[in-house]
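Coordinate inspection notes
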Amino acid sequence: MKRLLVIVLLLLSYNASHAQESGDDDFSIVLTAGGGLAHYLHAVDIEGDVRKYGAAGHLRLMWHPDHRLRMGVETGWTFFYHYDISEVDTPFGPTSAALTLTAVPVLLVFSMPVHEAVTLYAGTGGYIVRSHATSFDNTVNVTSFSQGWMAAGSWELGKLGGIAIESELTWYGATEFDDAAVILQMQASLPILRW
C-alpha cells in the first residue's frame, strides 16, 4: 500500500516542468459531490453470510490556484462490510449475530491534472470507523479512529452548464485496522467561488 501511495505521488509530480501552467489565470474553490459502489478488499474470516459491497459517497472541497497542484479536504461515508451469523449455539442458547463496518474519511487531499480530462488525487488523514453489532437482542455501537490515506483518479466525462460530470476510482485505506475499499463512483464538480 505504501508503494501505491509513492507511485501516485510520483504521478502527481509528472511533467513537473509544466506544473505551474494550469491554463487558468484565476483562483477557485471547487465543491465535488459523488456517490457509487464500494468493495471491501480484505478477507472477512467469519462463517456466515458476508457482504463486501455497499454504497459510498463523498464531499471534497478543493482550492484550485493558478498552477496545477491543488489542495483541499475530503469527507463522506463508505461501507466496508456486513456479516450475518444465524442460529449459532452458545452456552446461553442459540442466537444470531450481525455486524456492519462503515467509515467516515477525514482527509487532506492533493490533486493534479495530468491530462485534459484526467486528474490524480492523493490524501492523508484518518477514518472514523464505526462498528454496529447486534447479538442476543442487544445493539452495540463502537467508534474508533484510524490513521489512513487515499488515492484516486478521476476522468471528466463532460460538462452540464458549469458543472463537470466525472467518473472516479478511489482507494481508501484505514491503516490501523487494515481496512481498505475501492470505490467506483460518479461525481459532479462545481466552482462555488472564483476570483
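Nothing here was measured: the structure is a model prediction, and the numbers come from that model. (Residues numbered from 1 in each chain as written. Predicted model: local features only at pLDDT ≥ 70, side-chain atom pairs only at ≥ 80, totals over all residues. Heavy atoms only, no water.)

**Regarding the overall build of the chain**
Using the following cut-off: Numbered from the N terminus, helices here are DSSP runs of H or I no shorter than four residues, and strands are runs of E no shorter than two. Classification of residues uses two cut-offs on accessible area relative to the type maximum, computed with a 1.4 Å probe and protein chains only: under 20% is buried, over 50% is exposed, and between them is partly exposed. Note on contacts: a residue pair is in contact if any heavy atoms of the two residues lie within 4.5 Å. Throughout, the Shrake-Rupley method with a 1.4 Å probe supplies accessible areas, and for residues the shown protein chains are the sole cover considered.
For the chain, the helix and strand inventory stands at one helix and nine strands. Starting at the N terminus and ending at the C terminus, the chain contains elements arranged as α-β-β-β-β-β-β-β-β-β. Counting every position in the chain, which comprises 195 residues, the buried fraction comes to 36%. When contacts within the chain are restricted to residue pairs at least 6 apart in sequence, those whose partners lie at least 24 apart make up 59%. A total of about 10900 Å² of accessible surface is found on the chain, and carbon and sulfur atoms cover 62% of it.

**What about the confidence of the model for the chain?**
For clarity, the cut-off: Summary of the metric used: pLDDT quantifies the predictor's per-residue confidence within the range 0 to 100.
On average, the chain scores 87 in pLDDT, and the residues at 70 or more come to 83%. Counted against residues more than four places away or in other chains, residues 14-24, with its pLDDT under 50, gives 15 contacts.

**With respect to unusual backbone geometry**
In this structure, Asp178 takes a positive phi of about 55 degrees despite not being glycine. Checked against the element boundaries, Asp178 lands in the loop between β8 (163-174) and β9 (179-194).

**Let's talk about the environment of Trp155**
By the secondary structure assignment, Trp155 is in strand β7 (residues 138-160). Residues Trp155 and Ile165, spaced 10 residues apart in sequence, show a C-alpha to C-alpha distance of 8.7 Å. Beyond its immediate sequence surroundings of up to four residues, Trp155 is in contact with Ala117, Val118, Ile165, Glu166 and Ser167.

**Some details on the environment of Tyr40**
The condition is simple: Polar contacts here mean pairs of N or O atoms no more than 3.5 Å apart (in protein, one a potential hydrogen donor and the other a potential acceptor; neighbouring residues in sequence count only if both atoms are side-chain atoms).
Within the secondary structure layout, Tyr40 lies in strand β1 (residues 28-40). Distance in space between the C-alpha atoms of Tyr40 and Arg51 is 8.8 Å, their sequence separation being 11 residues. Among all residues touching Tyr40, those that are not within four sequence positions of it are Lys52, Phe80, Tyr81, Asp178, Asp179, Ala180 and Ala181. One polar contact links Tyr40 to Asp179, side chain to side chain, over a distance of 2.5 Å.

**A look at the packing of aromatic side chains**
What counts, and what does not: Stacked, tilted and edge-to-face are the three classes assigned to paired rings of Phe, Tyr and Trp, where Trp is represented by its six-membered ring and a pair needs centres within 6.5 Å; plane angles under 30 degrees give stacked, over 60 edge-to-face, the rest tilted.
Applying the stated criterion to the full structure yields seven aromatic pairs. An angle of 5 degrees between the planes, with centres 6.2 Å apart, marks the rings of Phe27 and Trp63 as stacked. Of the two residues, Phe27 sits in the loop between α1 (2-12) and β1 while Trp63 sits in strand β3 (residues 53-64), which places them 36 residues apart along the sequence. Residue classification places Phe27 among the partly exposed positions, given a relative accessible area of 25%.

**Observations concerning the side chain of Thr100**
Within the secondary structure layout, Thr100 lies in strand β5 (residues 93-113). A polar contact is formed between the side chain of Thr100 and the side chain of His82, at a distance of 2.5 Å. If sequence neighbours within four positions are ignored, Thr100 has contacts with Phe79, Tyr81, His82, Arg130, Ser131 and His132.

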